[in-house]
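# Structural features, examined
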Protein chains: 4
Amino acid sequence: MTTDTPRKLRIAVLGAGRMGLRHARNVAYAAPRAELVGIADPKPAVLQAAAAELPPIRTALDSMDLISSPDVDAVLIASETSTHASLAVAAIQAGKHVLLEKPIAVDVEGSRPVVEAAAKSNVKVMIGFSRRFDESLGEAKAMLDRGELGTPYLLKSCTNDMFDSTGFFVAYSKASGGIFIDCGIHDIDLARWLLNTSASGKKEVQRVYGSGTNVRHPELAETGDCDNGMGIIEFSNGARAMIHLSRTAVHGHDTVTELFGTEGKAVVNGNPAINRLEIRDLHGVRSLSHPTYYERFKEAFVNELNTFVKVVLDDDKVPTPPEDALKAAQIAVALTHSFRTGVPVDFDEEGEPILK
Amino acid sequence: MTTDTPRKLRIAVLGAGRMGLRHARNVAYAAPRAELVGIADPKPAVLQAAAAELPPIRTALDSMDLISSPDVDAVLIASETSTHASLAVAAIQAGKHVLLEKPIAVDVEGSRPVVEAAAKSNVKVMIGFSRRFDESLGEAKAMLDRGELGTPYLLKSCTNDMFDSTGFFVAYSKASGGIFIDCGIHDIDLARWLLNTSASGKKEVQRVYGSGTNVRHPELAETGDCDNGMGIIEFSNGARAMIHLSRTAVHGHDTVTELFGTEGKAVVNGNPAINRLEIRDLHGVRSLSHPTYYERFKEAFVNELNTFVKVVLDDDKVPTPPEDALKAAQIAVALTHSFRTGVPVDFDEEGEPILK
Amino acid sequence: MTTDTPRKLRIAVLGAGRMGLRHARNVAYAAPRAELVGIADPKPAVLQAAAAELPPIRTALDSMDLISSPDVDAVLIASETSTHASLAVAAIQAGKHVLLEKPIAVDVEGSRPVVEAAAKSNVKVMIGFSRRFDESLGEAKAMLDRGELGTPYLLKSCTNDMFDSTGFFVAYSKASGGIFIDCGIHDIDLARWLLNTSASGKKEVQRVYGSGTNVRHPELAETGDCDNGMGIIEFSNGARAMIHLSRTAVHGHDTVTELFGTEGKAVVNGNPAINRLEIRDLHGVRSLSHPTYYERFKEAFVNELNTFVKVVLDDDKVPTPPEDALKAAQIAVALTHSFRTGVPVDFDEEGEPILK
Amino acid sequence: MTTDTPRKLRIAVLGAGRMGLRHARNVAYAAPRAELVGIADPKPAVLQAAAAELPPIRTALDSMDLISSPDVDAVLIASETSTHASLAVAAIQAGKHVLLEKPIAVDVEGSRPVVEAAAKSNVKVMIGFSRRFDESLGEAKAMLDRGELGTPYLLKSCTNDMFDSTGFFVAYSKASGGIFIDCGIHDIDLARWLLNTSASGKKEVQRVYGSGTNVRHPELAETGDCDNGMGIIEFSNGARAMIHLSRTAVHGHDTVTELFGTEGKAVVNGNPAINRLEIRDLHGVRSLSHPTYYERFKEAFVNELNTFVKVVLDDDKVPTPPEDALKAAQIAVALTHSFRTGVPVDFDEEGEPILK
């Protein structure tokens, strides 16, 4: 008794660095309806190392080799941020579906070509806003959609990374667009998603205020960045978001989402324990935390991938289209500008921040 | 075998409303070194009801009767906010020690006479910033002072009151000075206390930004108030505070303090359970919360009172002098102004907010 | 305006050791309707030290001096366990009300005279089962009484004391009656109280099984004691209790009560944090625990005292009469016997354990 | 650039019921080094339904068709408990590696043939003690092995299933061997694993005492079963286990493991929340629980499978050999006997329970 093999989505992963390899493993081993057919990276050593940990697949130093291959249905772009947009546009134009790691670009202008290319195409283009695919955040959203929280009016969101004594972030910061874009894009996306801010279709944001301080990395000030950024986002529907981004957490990666509704409040990860083990010893009653975002969200990345596969194979609506990344980037850029200038940034009727 | 009776501080309570009666009970029954000698309230019925629940003491419709009495060593002022300042000044001038419920006044100007009277006097004048006397917040401060949290750089503080469907807050709001003063004064005081912001003696605050929204009480907008207020305070020492004040919590009173230091973070009341009982039933795994701030802080009020008694009897330094209330009020007023105008408020070199 | 002074209960405390002094302080400072009139202890130095911390009151080396004094309405007995019963009987016979620290005696026979004397008298005799006066356990009982937990069928209760490296418990053990009596009497009382086991009035217990092991104090085996005792109590109403008593906890005193009902479960102190402070640092996400039972139950002792005062002054029913202590002692003795012999102990129709 | 395909373990799943299908899905989609090659079930409808949810593989009404197939390297037995042993023996004799769902049989005698067949064979035979593969329990074990908890001396373990109002358990109970075997085998295995009780190689258990009560399913008494079972296990190394098994939890499946060591205590799943979402609404501050054991342990089943695959492919030592199931079954049977007779069961020098 044998049935026809169902169609599998043939995915190539572009970028074989840390996240690229993780994504490739997920495609190979954790996505039943997908098949990993190739991986690309311009650095031979990185590519070789990744290939050694994966099933036998095509490897390429030039991503275009995979983008142009007829055996590839979709690409998952996890390369350096600076290459995201051009690879995405190339893939879209080659008729490939795209799952694109956030951010599209470190600035708003760099993001527009992807939004435009996606709009003109028939392929699915999905942004990797991984948190939306987290089980607990998804359940908060489901409660909201079932009306169990009433009208949402405030999101408090923080993304606090563990302090990295190697100074990596200082070098990384220069190319990252700064903490509001690199790190805050997730919090901003959650705010837009959970506060239903785009419902009206009109001007979404009225005003933002950004602040920040350098606690452990004073040299970040040279590039207009900080290691602790805070912001208030004032949406036109009356909802507010308060965000806090940090590179200086001591106990681990700590990302908390508090969604306030008129009928109740949902808190996700209020207790940032990595697992269900609690220790009671001379240090007290305690749990250990996640070292990085990846331990916190690894199942979310799998969910995200399987959602993408389903979106393509079943022609579902893309839950996180490029427009969402563009709008989040506009807010992040406005927060950055406000932090640097000390004045709030208003938005015009077209939804663009007015950067004075 | 009998020894001499140690001296007790003879305290009169001014104001016999809800908080006045609670304070009077504490003086009578929970302050071993104090003695309740009188209570005053201009409303005969209120006064009568309070007296019925207290040991036999003097009662007065006119607070001045107790303030001028030679049998009174100190007064605890828990009357209507609008009377705080004048009663305090009168008591100070009569040579009485004063424990004064916050705020001194609903604006900054109203607070100055108390600060000045106290400065010229030899009596102890202490502001009832009750949270500083909470055991858990006190332990956070102690950890900080022992260096266990490193340098503090951020305080997140929220005071979220349970939604009151009676509309009481709308009427109350008009005379209260608004949510940033009435409710936020505590959060602001905690920020100043826990972030060591007054250490330098110079300009303490650089800039504040206030925001807000009306979620359940739209009519508050008429008086320039809101039922959810948010703010960012930028201190000159680089530290930041993010505060959130709300009248619309569903599950109970919820007041959380998160103190971020370079060596660790202290969280007070992250789990807002009223006691040690957890219920596991069809509603899940759950605890109940405090209905109001009083259940949360009732031991703190006792601590505060006994601290005041000790300050007077042992000639200790006042931990919460009127200057602290004045400075907190300046910040609260600046946040209110910023919320109303949509622009940040800067502070001048004298530490005064520049209200444009 | 002055009213008559309401009557206060004049209490003498017998025993000025650690617990005696704590009780005396509570009578003096935390019981509005009581008055501390005297304290007795046979050790002059102990008596002197206690008196120095108390308001001026009578002191006596001989408890009988206070028991026989016409100025004493009631005695609080917190002396050495071996003297509890005789002092209680003497006080009852002198017409004094009695609040008696548990246990009445280290064995069942020693407890009977107090039960009998109380039965023949008109005075109130109340046993200090302090946990019944804990706010959280009281709320669990209230839920039960309101039917919110359905029919209770299992109590898991543990009393885990922090390991004491001084070896104090080894010496203490000899006169204490062993861990099941000294420590377990509380857990057994909670089981009887929360499982409604005495409702029928008939034979309450069917059988008990005791077990134990010596983890850090092997020398306890010489006196038939252990540093970790466990037991199962099988009540005639079908309910069961599982108890665990320990002298070897590492993180602090840890006392958890889990009450299972057909409609829900109540857990008290599942998270044994001493206060509302949570620390997040290199040791993880953590809280500190209570060092001893006293920090955990200090408010319960105050509640207990005020309940006793009210029972006497208002002629209320005694919530914890000597019979409760006798019955708990019978169960504790049976558990001890079972632990020592390795066989369960059955109870006869009169409710007495059959010790073979 | 292509490398040789690494060898994959070809697994057939025997049993296509609820757990069989779950296991088959795991083999197909969550075990990178395994391949699902077939599934068997005697019920055509069950088989058909399972096949529809799996990739195209062989199906068989007779498990022997797959056991005897040369294309099958290993079988995962998840059929009805009564068939476990005979299928396992047949597979072993056919030279197939075996991953066998617990229990081997509902009694001890039924388990021996599998132990013996495994001992005589060269294949790997592993028992599905899934909890050992749970991340949090694994981390507790790792702490223990690193010495961070000192010497373990007590395990408290409970397996509390949510009450099933359909009465399914009553019918199920008759063939299940009773609650101590069906449900308690996991807790017993954890006790042996975490208390290092088999270290000496000698008589492992001295005595057990079982108790129980019927709370919601009185008819279970007819078959000598109960819906709440409790037990104390006294190991020869001095360690103790207290277990509680229940079919009557209200809020969900609740399985807690408390491991007491001389240097610290590990608690797993003390807060039985299904995910990281906490809700704060009119029901309090709350989380939802796992409906069944599967939601709690689903990742453990994947881990278990991948461990089995690695054991076979890399010739690793089997972590959970059939002897472990046999020994756990002996203890479970002894607890059942003790519960039914009211007397403890001692073990002889060969480690067999003396069932009088």
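Criteria and thresholds
- Residues numbered from 1 in each chain as written.
- Chains lettered and ligands numbered in written order.
- Predicted model: local features only at pLDDT ≥ 70, side-chain atom pairs only at ≥ 80, totals over all residues.
- Heavy atoms only, no water.
- Least-squares fit on C-alpha atoms with pLDDT ≥ 70 in both.
- Contact = heavy atoms within 4.5 Å.
- Patch = residues over 30% accessible without salt bridge, like charges linked within 9 Å, V, L, I, M, F, W, Y side chains within 5 Å.
- Areas by Shrake-Rupley, 256 points an atom, 1.4 Å probe, with all protein chains shown as cover.
- Salt bridge = Lys/Arg side-chain N within 4 Å of Asp/Glu carboxyl O.
- Lys, Arg positive; Asp, Glu negative; His and termini not counted.
- Charge placed at Lys NZ, Arg CZ, Asp CG, Glu CD.
- Helix = DSSP H or I, 4+ residues; strand = E, 2+ residues; numbered from the N terminus.
- Buried < 20%, exposed > 50% of the residue type's maximum accessible area, 1.4 Å probe, protein only.
- Domains from an automatic or database assignment.
- Buried area = accessible area lost by both parts, 1.4 Å probe.
- Polar contact = N/O pair within 3.5 Å; in protein donor to acceptor, adjacent residues only side chain to side chain.
- Axes fitted to C-alpha atoms, helices over the stretch in contact; angles between N-to-C directions.
- Left-handed = near helix turned anticlockwise from the far one by under 90°.
- Nonpolar A, V, L, I, M, F, W, Y, C, P; charged D, E, K, R; others polar.
- Pairing = 2+ DSSP bridges.
- Right-handed = clockwise from strand over helix to strand, strands pointing away.
- pLDDT = per-residue confidence, 0-100.
- UniProt positions renumbered as here; feature names shortened; annotations may be inferred.
- Phe/Tyr/Trp six-rings, centres within 6.5 Å; stacked < 30°, edge-to-face > 60°.
- Lys NZ or Arg CZ within 6 Å of the ring centre and 35° of its normal.

So, on to the relation of the copies chain B and chain A. Once chain B is rotated about the relating axis by 180° and shifted along it by 0.0 Å, it coincides with chain A to within an RMSD of 0.0 Å. Classification of the inter-copy transformation places it as that of a two-fold axis. Most of the interface of chain B is mirrored in chain A: 100% of its interface residues are interface residues there too.

On to a negative patch on the surface. A surface patch of like charges, here negative, comprises A:E135, A:E299, D:E135 and D:E299. Of note, D:E135 is situated in helix α6 (residues 135-145). Residue D:E135 is classed as partly exposed on the basis of its relative accessible area, which comes to 48%.

Moving on: the domain arrangement of chain A. Residue and element names in this part refer to chain A. Entries for chain A in the domain assignment read domain 1 (9-123) and domain 2 (132-297 + 322-346). Using C-alpha coordinates to define each centre, domain 1 is positioned 26 Å away from domain 2. Between domain 1 and domain 2, the residue contacts involve 13 residues of the former and 16 residues of the latter. Between domain 1 and domain 2, the buried area comes to about 1300 Å², and carbon and sulfur atoms account for 69% of it. Three residues, K102, V106 and V108, lead the burial of domain 1 against domain 2; their summed loss comes to 38% of the area buried on that side. For the pair domain 1 and domain 2, the number of links is 0 salt bridges. Connecting domain 1 to domain 2 are 1 residue pair in polar contact (both at pLDDT 80 or more). Going through the elements one at a time, α1 (18-29) and α5 (108-120) are the ones with two or more residues in the side of domain 1 that touches domain 2. Looking at the side of domain 1 that touches domain 2 element by element, the count peaks at 6 residues for α5.

Counting residues at the interface gives 36 residues for chain B and 36 residues for chain A. Between chain B and chain A, the buried area comes to about 2700 Å², and carbon and sulfur atoms account for 61% of it. Sorting the residues of chain B by area buried against chain A places B:Y153, B:Y209 and B:M242 first, and these three jointly supply 20% of that buried surface. At the boundary of chain B and chain A, one finds 0 salt bridges. Elements represented by at least two residues in the side of chain B that touches chain A include exactly β7 (152-162), β8 (205-213), β9 (228-235), β10 (240-249), β11 (254-261) and β12 (264-268) of chain B.

What follows deals with the packing of helix α9 (residues 184-194) of chain A against helix α11 (residues 322-341) of chain A. Residue and element names in this part refer to chain A. Where α9 contacts α11, the two axes come as close as 9 Å, and the packing angle between them is 120°. Where α9 crosses over α11, the two elements pack in a sense that is right-handed. Here I185, I188, D189 and R192 of α9 lie close against α11, whose contacting residues are D324, A325, K327, A328, A329, I331, A332 and L335. The class makeup of the residues in the contact of α9 with α11 is 8 nonpolar, no polar and 4 charged.

The subject of this paragraph is the pairing of strand β6 (residues 125-128) of chain A. Residue and element names in this part refer to chain A. The alternating pattern of β6 places V125 and I127 and M126 and G128 on opposite faces, both of which are buried. When strand β5 (residues 97-101) meets β6, the two strands line up parallel, connected through 4 bridges. Note that in β6 the partner of L100 across the bridge is I127. Regarding topology, α5 serves as the crossover connection from β5 to the parallel β6, and that connection is right-handed.

Let us look at the confidence of the model for chain A. Considering every residue of chain A, the mean pLDDT works out to 95; 98% of them sit at 70 or more. The ipTM for the predicted assembly is 0.95, set against a pTM of 0.96.

Another aspect to go through is the side chain of A:R296. With respect to the helices and strands, A:R296 occurs in helix α10 (residues 293-313). Assessed through its relative accessible area of 4%, A:R296 is described here as buried.

Attention shifts here to the relation of the copies chain A and chain D. By a simple turn and slide, chain A fits onto chain D: the slide is 0.0 Å along the axis, the RMSD is 0.0 Å, and the turn is 180°. Here 100% of the interface residues in chain A have copies in chain D that are interface residues too; the copies meet face to matching face.

UniProt records the feature "domain: Gfo/Idh/MocA-like oxidoreductase N-terminal" (unreviewed entry) at residues 9-129 of chain A, using the numbering of this structure. Between the end C-alpha atoms of residues 9-129 of chain A the distance is 21 Å, and the span holds 43% helix and 24% strand.

Residue and element names in this part refer to chain B. If you trace the 6 strands from one edge of the open sheet to the other, you get β3-β2-β1-β4-β5-β6, paired in parallel fashion. Pairing within the sheet leaves two strands with one partner each, and these edge strands are β3 (58-60) and β6 (125-128). Taken pair by pair, the neighbouring strands of this sheet meet at an average axis angle of 25°, ignoring direction. Sheet analysis places strand β1 (residues 9-14) next to strand β4 (residues 74-77), joined by 4 bridges and oriented parallel. Paired with L14 across the strands is I77, a residue of β4. Against the sheet, helix α1 (residues 18-29) makes contact with β1, β2 (34-40), β4 and β5 (97-101), and its axis sits at roughly 155° relative to β2, the strand it touches most.

Here we take up the sheet that holds strand β4 (residues 74-77) of chain D. Residues and elements named next belong to chain D. Reading across the sheet, the 6 strands line up as β3-β2-β1-β4-β5-β6 and stay open at both edges, with parallel pairing between neighbours. Each having just a single partner strand, β3 (58-60) and β6 (125-128) make up the two edges of the open sheet. Taken over all neighbouring pairs, the strand axes of this sheet differ in orientation by 25° on average, direction set aside.

Of the residues lining the interface, 40 residues belong to chain A; the matching set on chain D comes to 40 residues. Interface area for chain A against chain D, summed over the two sides, is near 3100 Å², with a carbon-plus-sulfur share of 54%. Seen at the junction of chain A and chain D, the total is 0 salt bridges. Taken together, chain A and chain D are joined by 12 residue pairs in polar contact (both at pLDDT 80 or more). Class assignment of the residues belonging to the side of chain A that touches chain D gives a composition of 18 nonpolar, 11 polar and 11 charged.

This structure, assessed with the given rule, holds 104 salt bridges over all chains. A salt bridge links A:D315 to A:K124; the nearest nitrogen and oxygen atoms lie 2.7 Å apart. Of this pair, A:D315 sits in the loop between α10 and α11 while A:K124 is found in the loop between α5 and β6, placing the two residues 191 residues apart along the sequence. The class for A:D315 is exposed, based on a relative accessible area of 59%. Residue A:R280 is joined to C:D254 by a salt bridge in which the shortest nitrogen-to-oxygen separation is 2.7 Å. Within this pair, whereas A:R280 is found in strand β13 (residues 277-281), its partner C:D254 is found in strand β11 (residues 254-261), the two belonging to separate chains. Judged by relative accessible area, which is 1%, C:D254 ranks as buried. Connected through salt bridges with shared partners, the residues A:R132, A:D189, A:R192, A:E204 and A:D324 form a single ionic network.

The subject of this paragraph is the packing of aromatic side chains. A full pass over the atoms with the stated rule returns 22 aromatic pairs over all chains. Both rings, one in A:Y209 and one in B:Y209, keep their centres 4.4 Å apart while their planes meet at 10°; by these two values the pair is stacked. Taken together, the residues span two chains, with A:Y209 in strand β8 (residues 205-213) and B:Y209 in strand β8. For the pair A:Y209 and B:Y209, a shared accessibility class is recorded, and that class is buried. Summarising the aromatic geometry, the rings of D:Y293 and D:Y294 are spaced 6.4 Å apart at their centres and angled 80° between planes, so their arrangement reads as edge-to-face. With relative accessibility at 12%, the residue D:Y294 sits in the buried group. By way of ring pairs, the aromatic residues A:Y293, A:Y294 and A:F301 are connected into one cluster. In this arrangement the basic side chain of D:R216 is found over the ring face of D:F163, its NZ or CZ atom lying 3.7 Å from the centre.

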